[in-house]
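If you want the building blocks of each chain, they are given just below.
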Amino acid sequence: MTDTVAQSAELSREEAAQAMATAEQIGRKLVAGGHLRRHPITLVAGKVHCEITTVSDTAALTLQENLNPVPGAAGAGSFMIYLPSPSPLQEQVKAAADAHARLSDEAPPTAEAKSASAGPLIDHEALRRAVQQR
């Protein structure tokens with residue numbers, strides 16, 4: 001997540017790391033309770049709308065995790081990390097969200113609405129020019 005946010009010249013990896021550190025305690029509870037299997041943590045930054053979930057049981061032993069930065073945040077001017085707020089942990093999630101400006105306990109914008117207004121992730125014309133210049 002921090003590498004994705006750091007793609008933007010306006011945002012810092014440190015701020016993303018601070019936000020995640022603030023959410024660490026409630027994040028552990030969300031993982032332990034199995035909540036992140038059904039309700040993801042969502043990063044919204046520029047054209048990025050990334051849902052982060054967990055797996056358990058035998059799937060956790062065989063899954064190949066992709067830790068690469070998600071493309072699309074280079075032009076982001078801000079970011080928000082939306083924490084799921086399941087009923088047994090609502091107050092604790094709200095407290096974590098209130099502790100950092102980049103955390104929210106609100107429902108994230110839908111990916112469809114975000115992508116409809118964000119434009120394409122790839123500038124095909126720029127790629128075409130780069131290939132022609134070779």
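The structure under discussion appears in the preceding block.
Parameters and conventions
- Residues numbered from 1 in each chain as written.
- Predicted model: local features only at pLDDT ≥ 70, side-chain atom pairs only at ≥ 80, totals over all residues.
- Heavy atoms only, no water.
- Pairing = 2+ DSSP bridges.
- Helix = DSSP H or I, 4+ residues; strand = E, 2+ residues; numbered from the N terminus.
- Contact = heavy atoms within 4.5 Å.
- Axes fitted to C-alpha atoms, helices over the stretch in contact; angles between N-to-C directions.
- 1 Å grid on protein atoms, 1.4 Å probe; cavity = no way out; pocket = protein on both sides within 12 Å on 5 of 7 lines; lining within 4 Å.
- Points joined across faces, edges and corners; volume = space filled by probe spheres on them.
- Nonpolar A, V, L, I, M, F, W, Y, C, P; charged D, E, K, R; others polar.

A. Focus on the sheet that holds strand β3 (residues 79-82). One open sheet holds the four strands; their spatial order is β2-β1-β3-β4, and the pairing between them is mixed. Strand pairing shows two members of the sheet lacking a second neighbour, β2 (48-52) and β4 (103-104), which therefore form its edges. Bridging between strand β1 (residues 41-45) and β2 involves five bridges; their strand directions are antiparallel. Counterpart to Leu43 in the pairing with β2 is Cys50. Contacts from helix α2 (residues 13-32) reach β3 and β4 within the one sheet, and its direction differs from that of β3 by about 15°.

B. Just the layout of surface pockets, in detail. The computed volume of the largest pocket comes to approximately 600 Å³. Lining the largest pocket are 18 residues, and of these Cys50, Ile52, Glu65, Asn66 and Leu67 sit closest to its centre. If you list the elements that add at least two residues to the lining of the largest pocket, you get α1 (2-5) and β2. The class makeup of the residues in the lining of the largest pocket is nine nonpolar, six polar and three charged. By volume, the second largest pocket is sized at about 200 Å³. Surrounding the second largest pocket, 13 residues form its lining, Met20, Gly27, Val31, Leu36 and Ile41 being those nearest its centre. The biggest single contributor to the lining of the second largest pocket is α2, with six residues. For the lining of the second largest pocket, a count of residues per class yields eight nonpolar, three polar and two charged.

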